[in-house]
Amino acid sequence: MEIAIIGAGAGGLCAARHASASYRCKPTVFEKSDRIGGVWVYNPKTGKDEKGERIVSSMYRDLKTNLPKEIMCYPDVPMKSSIKDSFIHHSQVLEYLEEFAEQFDLKKYIKFNTKVVNIQPTDPKETEENNNETWNGVENGDHVIAKENSGSICQVEKKKWKIKYFNSESNKTQFDYFDAVIVCTGTYAEPYYPDIPGTPYYPDIPGIETFQGKVIHSSDYRYASTFRNEEVVILGASFSGADIGLDLVKSASKMELQ
């Protein structure tokens, strides 16, 4: 069975490990960045990267986990005994994920710098034109399930998932067929903004359009020193707001959490 896994973060690595352990399964992991780790990859930059993709890192430099490491690990893969603290720095979580991938030899299944752009189910006997895309055949044992036919036409002989993906290194769009798809992109790829007409990025606060100070989303927060000696209000008192508030008190002259 050919299995597509989207995302090489904690969830995608776990899925790849178990899929690869079955002799009946062959995983392919699509990861749009150049490394594993997902949300745990720290990037000091904000905005867009050199490829024009939005930087999805929500890590700030001094972030520590708000859950103890003892309940964050995969059940049968504990963290190193040399790590004594329960609440650890984000870089230690990333190191743990990299060691997990090495332990189970998962990188050979990962297509790095590869972004999934479309997923759709196919019908048996589906025939469609190739549209100048590069097509890869998918095999199951000795039987070709998806095969190229007459150069620009391909035919699928039983129900599959068609995945179109773009590789930023080769600058090519390709598509393959899979028996199953596991989406492991998480919930933090895009910042949440209240859906208020006329204000697509920030809450509808009277006067915010004339406010002369900094206005950022928490996903773009990196350093407390950026707000040194400034008065800061944090809108939202859940996990992100509380964590950033604790970090900001080191530098801000005044900080309010609302």
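The following refers to the structure shown.

Cut-offs applied
- Residues numbered from 1 in each chain as written.
- Predicted model: local features only at pLDDT ≥ 70, side-chain atom pairs only at ≥ 80, totals over all residues.
- Heavy atoms only, no water.
- Axes fitted to C-alpha atoms, helices over the stretch in contact; angles between N-to-C directions.
- Helix = DSSP H or I, 4+ residues; strand = E, 2+ residues; numbered from the N terminus.
- Parallel < 35°, antiparallel > 145°, perpendicular 65-115°, else oblique.
- Left-handed = near helix turned anticlockwise from the far one by under 90°.
- Contact = heavy atoms within 4.5 Å.
- Nonpolar A, V, L, I, M, F, W, Y, C, P; charged D, E, K, R; others polar.
- Disulfide = S-S within 2.5 Å.
- Patch = residues over 30% accessible without salt bridge, like charges linked within 9 Å, V, L, I, M, F, W, Y side chains within 5 Å.
- Areas by Shrake-Rupley, 256 points an atom, 1.4 Å probe, with all protein chains shown as cover.
- Salt bridge = Lys/Arg side-chain N within 4 Å of Asp/Glu carboxyl O.
- Buried < 20%, exposed > 50% of the residue type's maximum accessible area, 1.4 Å probe, protein only.
- Phe/Tyr/Trp six-rings, centres within 6.5 Å; stacked < 30°, edge-to-face > 60°.
- Lys NZ or Arg CZ within 6 Å of the ring centre and 35° of its normal.
- Core = buried A, V, L, I, M, F, W, Y, C linked by side-chain atoms within 4.5 Å.

1. With respect to the packing of helix α1 (residues 10–21) against helix α2 (residues 90–103)
- Between α1 and α2, whose axes approach to 11 Å, the crossing angle comes to 15 degrees. Compared by their axis directions, α1 and α2 come out roughly parallel. The element α1 and its partner α2 pack so that their crossing is left-handed. Contact residues: α1 offers Ala10, Leu13, Cys14 and Arg17, while α2 offers Leu97, Phe100 and Ala101.
- Its residues assigned to classes, the contact of α1 with α2 shows six nonpolar, no polar and one charged.

2. Brief notes about the state of the cysteines
- What the rule picks out here adds up to zero disulfides.
- We note that cysteine 184 lacks a disulfide partner, and the nearest cysteine sulfur, in cysteine 14, lies 8.4 Å from it.

3. Here's the deal with a nonpolar patch on the surface
- A surface patch of nonpolar side chains, about 260 Å² in accessible area, is lined by Ile119, Trp161 and Val183.
- One can find isoleucine 119 in strand β4 (residues 114–121).
- Owing to a relative accessible area of 33%, isoleucine 119 belongs among the partly exposed residues under this scheme.

4. With respect to the packing of aromatic side chains
- All told, the structure shown has eight aromatic pairs when counted by the stated rule.
- Look at phenylalanine 30 and phenylalanine 178: their rings are 5.9 Å apart centre to centre, the planes differ by 80 degrees, and that puts the pair in the edge-to-face class. Of this pair, phenylalanine 30 sits in strand β2 (residues 26–30) while phenylalanine 178 sits in strand β11 (residues 172–178); the two residues are 148 residues apart in sequence, bridging distant segments of the chain. Each member of the pair, phenylalanine 30 as well as phenylalanine 178, carries the same accessibility label: buried.
- For the pair tyrosine 74 and tyrosine 96, a centre-to-centre distance of 5.9 Å together with 25 degrees between the ring planes defines the contact as stacked. In this pair, tyrosine 74 is assigned in the loop between β2 and α2 and tyrosine 96 in helix α2, connecting sequence segments 22 residues apart. You'll find tyrosine 74 and tyrosine 96 in the same group, each marked buried.
- Here lysine 162 stacks its cationic end above the ring of phenylalanine 175, 4.2 Å away from the centre of that ring.

5. Focus: the nonpolar core
- Among the nonpolar cores identified, the biggest contains 37 residues, and Ile5, Leu13, Trp40, Tyr74, Tyr96, Tyr221 and Leu248 are the most heavily contacted of them.
- If sequence neighbours within four positions are ignored, tyrosine 96 has contacts with Cys73, Tyr74, Val77, Pro78 and Met79.
- In this structure, Ala4, Ile6, Phe30 and Tyr165 belong to the second largest nonpolar core, which totals seven residues.

Everything listed is a geometric property; what it means functionally is a separate question.
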